[in-house]
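# Notes for the structure review
For reference, the chains in residue letters:
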Amino acid sequence: MKITLPEAAAKIQTANKIILASHINPDGDAIGSTLAMLQILRSMGKEVVLYIDDKIPKNFLVLPCAEEIIRPREYEKLTADLLLVLDCEPTRTGAVKKVVNAPILNIDHHVTNTEDEGDLYIDANAAATCEIILQLCHELKAELTKNVAVCLYTGIATDTGFFNYSNTKPATFRAAAELVEAGVEPNVISEQVEKRSYRDIKTMNAVLQTTKFYYGGRVAGMFINRELFKEIDTTEGLIDLIRVIDGVDVAFLLTEKERNICRISMRSKGVEVSEIARRLGGGGHIRAAGATINKHIDMAKMLLIRTIGEFMVENGWMRPIEFENRDEISLANFEIPPEDKIDLPLYND
């Protein structure tokens, strides 16, 4: 059921034991919003635990209280007065949703979040969930400390591409200004988030070499197989390397995290990639979205490219003839061999 922000604040105030969670493959907004909320709730005297069912990118481990993020174990059985899910629908929290038994309060800014389990507060006009948490901090009459502000600024900055993406609005700058007044040093956060090891730079170069173009250059994609995935600490910012290429309408990064588990990130200059992601079981922003495809990387690749093409034709971004001449992604007679026989290259172009 959709509720208002004051109603969300009231539910938080009446709960004593709260479990916080966000999505798998966590980004700056997921991590920043939950860490900020952790500190806000503790300042209110709440008993709080924060679970994220995935690896935390090294660049975000310097954020205040990051050491308190716990990865759930699937055999656990946890109870609480409230499961507070931030920046995603509850089904994207991985094992958290399976092990926690508690009423759900879901706070998000993604327009594709249509889940009806528990209570949902959604503000699709907010640039980041961290922007909502700043409002919630005031609604709860909690103190905006420097540490809370650092977490919130990190989420807003990363979700807006450091204020370069189309989701950046006047309210975004007003929120950022308030956080800077609370003690945030934007240059320090920028340097930390954008910092890369030499090993990561070399791996990024290897990923860039996988770039392929489709539909006459309208679509560009990069591919990370399991071997490359083991070598890179974070994929944050990788997709922007090809998003900016002249003539590219949709850019994607396909990452094979495990066998038959592929994560998709998409960015665009105008195409509603949130709708493409929705067709693949995911969601996100209009111009920044993602999904998980539980297929072999080669099949996931072809399914993704076909879905992008179909959507672009249906919505006037591409002529049908451009989609029909796509022999490099034909699904005809394509069969995945048994698991023990799979030994395919990264892609079959």
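Shown above is the structure to which this text applies.
I will try to describe carefully the structure that is included in this document. Please read these numbers as outputs of a predicted model, since none were measured by experiment.

## Remarks on the overall build of the protein
Broken down by element type, the protein carries 13 helices and 14 strands. On C-alpha atoms alone, the protein measures out to a radius of gyration of 20 Å, which is about the 20 Å that the 2.2 N^0.38 rule sets for 349 residues. Projected onto its principal axes, the C-alpha coordinates of the protein cover approximately 60 × 45 × 40 Å. Counting over 349 residues, the protein shows a buried share of 55%. The long-range share in the protein, meaning contacts at least 24 apart out of those at least 6 apart in sequence, stands at 63%. Here the protein displays about 15600 Å² of accessible surface, and carbon together with sulfur accounts for 48% of that area. Computed over 40 positive and 52 negative side-chain charges, the separation of the two mean positions in the protein equals 2 Å.

## Quick look at the pattern of salt bridges
A full pass over the atoms with the stated rule returns 14 salt bridges. The partner of Glu256 in a salt bridge is Arg226, with the nearest N and O atoms 3.3 Å apart. Here the residue Glu256 occupies a position in strand β11 (residues 250–258), and Arg226 occupies one in helix α9 (residues 226–231), the gap between them amounting to 30 residues. Looking at Glu256, the relative accessible area reads 5%, which means it is buried. A residue is classified by how much of its surface remains accessible, and Arg226, at 24% relative accessible area, is partly exposed. The salt bridge involving Arg306 is made with Glu310; its shortest N-O contact spans 4.0 Å. Here Arg306 and its partner Glu310 are both found in helix α12 (residues 297–314), 4 residues apart, which amounts to about one turn of the helix. Residue classification places Glu310 among the partly exposed positions, given a relative accessible area of 29%. Connected through shared salt-bridge partners, Asp54, Lys257 and Arg263 make up one network.

## As for the sheet that holds strand β8 (residues 119–122)
Pairing is parallel in the open sheet, where 6 strands are placed in the order β3-β2-β1-β5-β7-β8. Pairing within the sheet leaves two strands with one partner each, and these edge strands are β3 (69–70) and β8. Pairing geometry for strand β1 (residues 17–21) and strand β5 (residues 82–86), over 4 bridges, is parallel. Residue pairing across strands places Ile19 opposite Leu83, the latter belonging to β5.

## Describing helix α5 (residues 146–159)
In this model, α5 (14 residues) spans 20 Å end to end at C-alpha, consistent with the 20 Å of a helix rising 1.5 Å per residue. A large share of α5 lies buried, amounting to 12 of its 14 residues. Its buried side turned inward, α5 meets α2 (28–43), α4 (129–139), α6 (170–181) and α7 (186–194). Looking one or two residues past α5, Gly161 carries a phi angle of roughly 60°, positive in sign.

## Let's talk about the sheet that holds β11
Spatially, β9-β10-β11-β12-β14-β13 is the arrangement adopted by the 6 strands of the open sheet, whose pairing is mixed. This sheet does not close on itself; its edge strands, each paired only once, are β9 (212–214) and β13 (283–284). Against the sheet, α12 makes contact with β9, β10 (219–224), β11, β12 (261–268) and β14 (288–293), and its axis sits at roughly 155° relative to β11, the strand it touches most.

## Observations regarding the side chain of Ser33
Along the polypeptide, Ser33 turns up in helix α2. Here the side chain of Ser33 touches Asp29 through a polar contact of 2.7 Å, landing on its backbone oxygen. Polar side-chain contacts of Ser33 include one of 3.2 Å to the backbone oxygen of Ala30. Discounting residues that sit within four places of it in the chain, Ser33 has contacts with Gly28, Leu86, Asp87, Thr129, Cys130 and Ile133.

## Brief notes about the pairing of β5
Counting buried positions along β5 gives 5 out of 5 residues, so the element sits mostly inside the fold. On β5, burial covers both faces: Leu82, Leu84 and Leu86 on one face and Leu83 and Val85 on the other are all buried. Sheet analysis places β5 next to strand β7 (residues 104–108), joined by 4 bridges and oriented parallel. Looking at the pairing, Val85 lines up with Asn106 of β7.

How each quantity is defined
Residues numbered from 1 in each chain as written. Predicted model: local features only at pLDDT ≥ 70, side-chain atom pairs only at ≥ 80, totals over all residues. Heavy atoms only, no water. Helix = DSSP H or I, 4+ residues; strand = E, 2+ residues; numbered from the N terminus. Rg over C-alpha atoms; globule rule 2.2 N^0.38 Å. Buried < 20%, exposed > 50% of the residue type's maximum accessible area, 1.4 Å probe, protein only. Contact = heavy atoms within 4.5 Å. Areas by Shrake-Rupley, 256 points an atom, 1.4 Å probe, with all protein chains shown as cover. Lys, Arg positive; Asp, Glu negative; His and termini not counted. Charge placed at Lys NZ, Arg CZ, Asp CG, Glu CD. Salt bridge = Lys/Arg side-chain N within 4 Å of Asp/Glu carboxyl O. Pairing = 2+ DSSP bridges. Expected span 1.5 Å × (residues − 1). Axes fitted to C-alpha atoms, helices over the stretch in contact; angles between N-to-C directions. Polar contact = N/O pair within 3.5 Å; in protein donor to acceptor, adjacent residues only side chain to side chain.

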